[in-house]
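In case you want the letters, here they are:
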Amino acid sequence: MEIGVTSFVETKPDIKTGIVMSHAQRLREVVEEIVLADRVGLDVFGIGEHHREDYAASSPAIVLSAAASLTKRIRLASAVTVLSSADPVRVFQDFAMLDGISNGRAEIIAGRGSFVESFPLFGYGLHDYEELFNENIELLMKIRGSEKVTWKGGHRPAIHNLGVYPRPVQSSLPIWIGSGGTQSSAVRAGLLGLPLMLAIIGGNPMNFAPLVELYKKAAARAGHDVSQLQVGSHSIGFVAEDTERAADIFFPSTQYGMNKLGKERGWSYYDRSSYDAARSFDGALYVGDPETVAQKIIHLRKHVGITRFMMYVPLSTMPHEQVLRAIELLGTEVAPRVREEIAKWEAEKE
């Protein structure tokens, strides 16, 4: 069972002062967060790609490379790379370079993206949303599998027996499919034999269990070894020494972020009752003291089949010291509890 952190490197206004942090400051802060996550024994850190004012990381590979030489063992992933509007050749090259700098710790989590700013920015039409992703994941996997590539698609120039360099340290650079929870994404990942990262950010996480089963059935149908496939969860959360303290600290920025995005997407108003319901045992918020958060992650592993849990923290802008403390507790208090319990549970099943 792997435990890690996801960050979108947000720069929304401070909820108390209204001051907007510079992109440069937030980028430097998230590098510190990655270094701390490595030091406290977490397994993976993911950076999300965005192309809008309130997010600082347009290129996850650059941020992760800044942390690569400062860390020793933590895996460094995009979360996600918006592959529909990216050049798969350049994506592979960037992460192969990250893999070299980190000595084999790079991963790509590729998704279609829930934000669409990158499409007009790079000259793509939203009417090609699905077709772009399907073509680009095909090319990305082809590049991963062969140094010399011949390929032809409908949205970029053809490649005729050309080499793609540098090559990664890992014999096969890990590529995940990131999904918001659609059946089509789960089936696609299964048919391709790629690990699946689910954004479990609302409702009851147990509702994702049938989706995981659908994914595994698709993988088995395509001839892949299901026992070797990983399923991850990207879930919002925060850890503090006391559950009520954690809830009170994390609520203001969470409310601000949810309602800002909600205005864009037509969601209902997010208030404290919504928040408290979501942080209940059956909710999708992993907020509380180490034992509370650990038990929710263990439940997710046992009943949904998640093998990697990534806590998205912070949501919106929070004091850097609070974020660092949450990461520290996740690594030193939550992760050991989860690993110990899951190891016992898996041993009993054998």
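Keep in mind the model is a prediction, meaning the values are calculated, not measured.

## A closer look at the pattern of salt bridges
- Counted by the stated rule, this structure contains 29 salt bridges.
- Residue R26 pairs with E29 through a salt bridge whose shortest N-O separation is 3.3 Å. One end of the pair, R26, and the other, E29, are both in helix α1 (residues 23–39), 3 residues apart, so they sit about a helical turn from each other. As far as the burial class goes, R26 and E29 line up, both buried.

## Focus: the nonpolar core
- Within the largest apolar cluster, 102 residues are counted, with the highest numbers of intra-cluster contacts made by L42, F45, I47, I137, F238, F250 and I327.
- Tallying contributions element by element places helix α11 (residues 320–349) first for this core, with 10 residues.
- Apart from residues lying up to four places away in sequence, L42 is in contact with I3, G4, V5, A37, R73, I74, I327, L330, G331, A335 and R339.
- Judged by nonpolar contacts, the second largest core, of 7 residues, contains A77, A79, I109 and W176.

## Regarding helix α10 (residues 290–304)
- Given a rise of 1.5 Å per residue, 15 residues ought to cover 21 Å, and the 21 Å separating the end C-alpha atoms of α10 matches this to within 8%.
- Among the residues making up α10, those that are buried are P290, V293, A294, K296, I297, I298, L300, R301 and V304.
- Taken from the residues just after α10, G305 is the one with a positive phi, measuring 95°.

## Thoughts on the side chain of S235
- As for its placement among the helices and strands, S235 is situated in strand β10 (residues 231–239).
- Judged by its relative accessible area of 0%, S235 falls in the buried class.
- In terms of polar contacts, S235 uses its side chain to reach the side chain of S233, at 2.6 Å.
- Excluding its chain neighbours within four sequence positions, the residues that come into contact with S235 are I200, A284, Y286, F309, M310, M311 and Y312.

## As for the side chain of D289
- Topologically, D289 is positioned in the loop between β11 (286–288) and α10.
- Lacking a salt bridge, the buried D289 has R337 as its closest oppositely charged neighbour, with an N-O distance of 7.2 Å.
- Among residues more than four places away in sequence, those in contact with D289 are V239, A240, E241, D242 and T243.

## A short note on the packing of aromatic side chains
- Counted according to the given criterion, the structure contains 7 aromatic pairs.
- Taken together, a centroid distance of 4.6 Å and an interplanar angle of 45° make the contact between F8 and Y312 tilted. Taken as a pair, F8 in the loop between β1 (2–7) and α1 and Y312 in strand β12 (residues 308–312) lie far apart in primary sequence, 304 residues in all.
- Residue F8 is classed as buried on the basis of its relative accessible area of 14%.
- Ring pairing ties together the aromatic residues F8, Y55, F115 and Y312, which thus form one cluster.

Conventions adopted
- Residues numbered from 1 in each chain as written.
- Predicted model: local features only at pLDDT ≥ 70, side-chain atom pairs only at ≥ 80, totals over all residues.
- Heavy atoms only, no water.
- Salt bridge = Lys/Arg side-chain N within 4 Å of Asp/Glu carboxyl O.
- Helix = DSSP H or I, 4+ residues; strand = E, 2+ residues; numbered from the N terminus.
- Buried < 20%, exposed > 50% of the residue type's maximum accessible area, 1.4 Å probe, protein only.
- Core = buried A, V, L, I, M, F, W, Y, C linked by side-chain atoms within 4.5 Å.
- Contact = heavy atoms within 4.5 Å.
- Expected span 1.5 Å × (residues − 1).
- Polar contact = N/O pair within 3.5 Å; in protein donor to acceptor, adjacent residues only side chain to side chain.
- Lys, Arg positive; Asp, Glu negative; His and termini not counted.
- Phe/Tyr/Trp six-rings, centres within 6.5 Å; stacked < 30°, edge-to-face > 60°.

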